[in-house]
Amino acid sequence: MKELKHVYQKKILVLGLAKSGFTAARLLHKLGAFVTVNDSKPFEENPEAQELLNMGVTVICGRHPEDLLDEGFEIVVKNPGIPYTNVIIRSAVEKGIPVWTEIELAYLISEAPFIGITGSNGKTTTTTLLFHMLNQDEKNPLIAGNIGTVASGVAEKATSENVIVTELSSFQLKGTVSFRPRIAIITNLYEAHIDYHGTVEDYRESKMKIVQNQTEDDYFIYNADQPSLVEYAKTCKAQLVPFTLKGRTVHSISADGEFIYWQGEPIIERSKIMLGGQHNLENILAATAAALLWGGTVETISRVLTSFTGVKHRSQFIVNWKGRKFYNDSKATNALATKSALEAFPGSIVLLAGGLERNHSLEELRPYMDRVKALVAFGETADRFAGFAEECGVSNIAKVNTMHEAVKQAISHSASGDTILLSPACASWDQYDSFEIRGDAFIDAVKHLTEAND
C-alpha cells in the first residue's frame, strides 16, 4: 500500500459507514489522517462505529449535524449511496471541499493497476467473466468494487504483480478525481438512476469519469452499437477498442451469428458459448477484449466461455424440473435489465416481477411482453405490473405476497418447455434488504417446491 502524504494529519470526514465507509475510515486512520465518522445509525446499533471508536477515530452517530463542516474538514469521503442533495455534501461542494468515494482512495493507495468496468447493465457479468479469464491465465487478478468487495480494502493488500478488476457504479465514479484505469470498459449506457443524479446528463457524465484521466497508453473498450458512446469515445485520449454485434470487423472485437472475431480473425464459435442472450454477448465481447489486451490467451478465454454459466442473481440457471427451466435474475432492478432478460429467451415465459415503487416506466418491456405466457406480480408494484401485463395482452396474471407463493403460482401457470424467470424490474427494498436476499428466497422456494413434487 502506498503512503499518502496529502492525507497525513489532514482532517477528513467519512460520511456514512457500511462496508465501504468503515474500510475507508480505517485506512485513513492508518495513514495518519484525523478521521471523523458520521453515520445515521445509532451508536448502540452500530458495530462498525464502535470498532472505529476503539481505534481512536472520532465517531458521531444517530444524526447528521448540519454544522458538521464547521470543524474545518479538508476532504469528505462519502458512502456512494448518499446523494449530492444531502445538506452536508451540498455544503462541502459549495465550500470547495473535495468529495470522494472510497474508489478514489483505493486508486491513490494501490500499487496495482486497475481495470474499470461500468455501464447501465452487464457490469457484474463482465467483471466476473474477465476475472475468471485472467485468473485462469495466471495474471494475478483481484476483484473489487460494486460487485461486493470494497475496493480500498483490496487495494490495501494488492502488489504491483496484481491487477484489480473493478465493477464501478455511477454513484462511485461521480466521487472520483484522479482515478485512472489502464483499461476502461463501458458495456452500454441507458437512462437510469435519475432519482439520484437528477438529470440524464449528470448520470452519463458520472459514467464517463471512468475515462477522464486516461492517456494514450490506456485502452477504452466501449459499445460501438450505441451512437452516444461512439460520440463520447471521440473525446477520449485512450486507445479506442470498440465492440459490435453487427458482424465481423477487421479492427477490434466483433461478433456475427456464428463467431466472435478478434481483429477480423475468428476465435470461438458462438454455439460453444454457455452464456446465452444477446445482452450477454456484449459482456462477452468486452471481457474478451480486455483479457486479450492484458495478455490473456485465446485458449484460456475459450475455456472460460465454454464453461461459465452466469453470475448468481443475473440470468442464473437454477434447475430443469419436468421440462421447466428456472432462472434467477434478481439483479434486474430496472426495466432495461428485465427487457434484456426477456430478449434472451425466445418465448413461453412465466415472469415473476415487482418490488419497490419508484414510478419508473415499464414501457421498455412492452415489445417483449408477447413472450410472456403468464405474470406473477409481487411487492409495491404488483398492481401496476398486473395492469401493464393486461394491457399487453397477457391473460394469466396472479398477484401474491411472498416469494414462496410466487413460485407456487408460476409452477401452476407453467408447462413443460416453459421458462420460469424471476426478473423483477424493481429494487428489492420494499420486501428484502438486497436483491441477493430476494434471489436466494427464489432459489430456496424453487428447490423446496420442485424437490417436494419430484
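On a predicted model such as this, the values are computed, not experimentally measured, just so you know.

What counts and how
Once a new chain begins, its residue numbering starts again from 1 and follows that chain's sequence as written. Under the rules for a predicted model, residues below a pLDDT of 70 receive no local features and side-chain atom pairs below 80 are neither given nor counted, while totals for whole chains, interfaces and linings still include all residues. To get the side-chain values, all heavy atoms of the structure are used, and hydrogens and water are removed first. One side-chain nitrogen of Lys or Arg within 4 Å of one carboxyl oxygen of Asp or Glu is enough to make a salt bridge. Each helix is a run of DSSP H or I of at least 4 residues and each strand a run of E of at least 2, with the numbering of both proceeding from the N terminus. The buried label goes to any residue with under 20% of its type's maximum accessible area, the exposed label to any with over 50%, and the partly exposed label to all in between, with areas taken from a 1.4 Å probe on protein chains only. When DSSP finds two or more bridges between two strands, those strands count as paired. Simply put, an axis is a line fit to the C-alpha atoms, just over the touching stretch for a helix, and the angle between two N-to-C directions goes from 0 to 180 degrees. Pairs of residues are marked as contacts when any of their non-hydrogen atoms sit within 4.5 Å. In this analysis, a patch consists of residues with relative accessible area above 30% that form no salt bridge, clustered at 9 Å for like charges and at 5 Å for the nonpolar side chains Val, Leu, Ile, Met, Phe, Trp and Tyr. Only the protein chains shown count as cover for residues, and all accessible areas are computed by the Shrake-Rupley method using a 1.4 Å probe. When charges are counted, neither His nor the chain ends are considered; positive counts come from Lys and Arg and negative counts from Asp and Glu. One atom stands in for each charge, and that atom is NZ of Lys, CZ of Arg, CG of Asp or CD of Glu. To define a nonpolar core, start from buried Ala, Val, Leu, Ile, Met, Phe, Trp, Tyr and Cys residues and group those joined through side-chain atoms within 4.5 Å. Any pair of nitrogen or oxygen atoms within 3.5 Å is treated as a polar contact; in protein, a donor-acceptor pairing is required on top of that, and neighbouring residues in sequence qualify only through side-chain atoms on both sides.

## Observations regarding the pattern of salt bridges
Pairing is possible between side chains of opposite charge, provided their charged atoms come close. With the rule as written, the count across this model stands at 15 salt bridges. For R366, the salt bridge goes to E391, with nearest N and O atoms at 3.1 Å. Of the two residues, R366 sits in the loop between β17 (349-353) and β18 (372-377) while E391 sits in helix α14 (residues 382-391), which places them 25 residues apart along the sequence. When its relative accessible area of 58% is taken as the criterion, E391 is described as exposed. Salt bridges linked by common partners bring R26, K30 and E156 together as one network.

## Digging into the sheet that holds strand β19 (residues 396-399)
Pairing in this open sheet of 6 strands is mixed, and the strands run β15-β16-β20-β17-β18-β19 from one edge to the other. Pairing within the sheet leaves two strands with one partner each, and these edge strands are β15 (316-321) and β19. Strand after strand, the sheet turns through a mean of 15° between neighbouring axes, direction not considered. Examined bridge by bridge, β18 and β19 share 4 bridges and lie parallel to one another. Within β19, the residue paired with L375 across the bridge is I397. This element, α14, spans β17, β18 and β19 of the sheet and lies at about 175° to β19.

## What to know about the environment of T419
Secondary-structure assignment places T419 in strand β20 (residues 419-422). Separated by 72 residues in sequence, T419 and G347 place their C-alpha atoms 7.8 Å apart.

## A closer look at the sheet that holds strand β4 (residues 75-78)
The strand order across the open sheet formed by 5 strands is β3-β2-β1-β4-β5, and the pairing between neighbours is parallel. On the outer flanks of this sheet lie β3 (58-61) and β5 (99-100), each paired with one strand and no other. As paired strands, strand β1 (residues 11-15) and strand β2 (residues 34-39) are joined by 5 bridges and run parallel to one another. Bridge pairing in β2 links I12 to V35.

## Overview of the side chain of Q226
Assignment of secondary structure puts Q226 in the loop between β10 (219-223) and α10 (227-233). Contact partners of Q226, with chain neighbours within four places excluded, come to N188, L189 and Y190.

## Notes on a negative patch on the surface
On the surface, E66, D67, D70 and E71 cluster together into a patch of negative charge. Along the chain, D70 falls in the loop between β3 and β4. Exposure remark for D70: the relative accessible area of 60% places this residue in the exposed category.

## Observations regarding the nonpolar core
Of all hydrophobic cores here, the largest spans 52 residues; its most connected members are L28 and F220. Excluding residues within four positions of it along the chain, F220 makes contact with A184, I186, M208, V211, Q214, A233, C236, A238, Q239, L240 and V241. With 36 residues, the next largest nonpolar core counts I185, L275, I284 and V304 among its residues.

## Describing the side chain of S152
Structurally, the position occupied by S152 is in helix α6 (residues 151-157). One polar contact links S152 to E102, side chain to side chain, over a distance of 2.7 Å. Here S152 is in contact with T23, A24, L27, E102, L105, A106 and I109, once residues within four sequence places are set aside.

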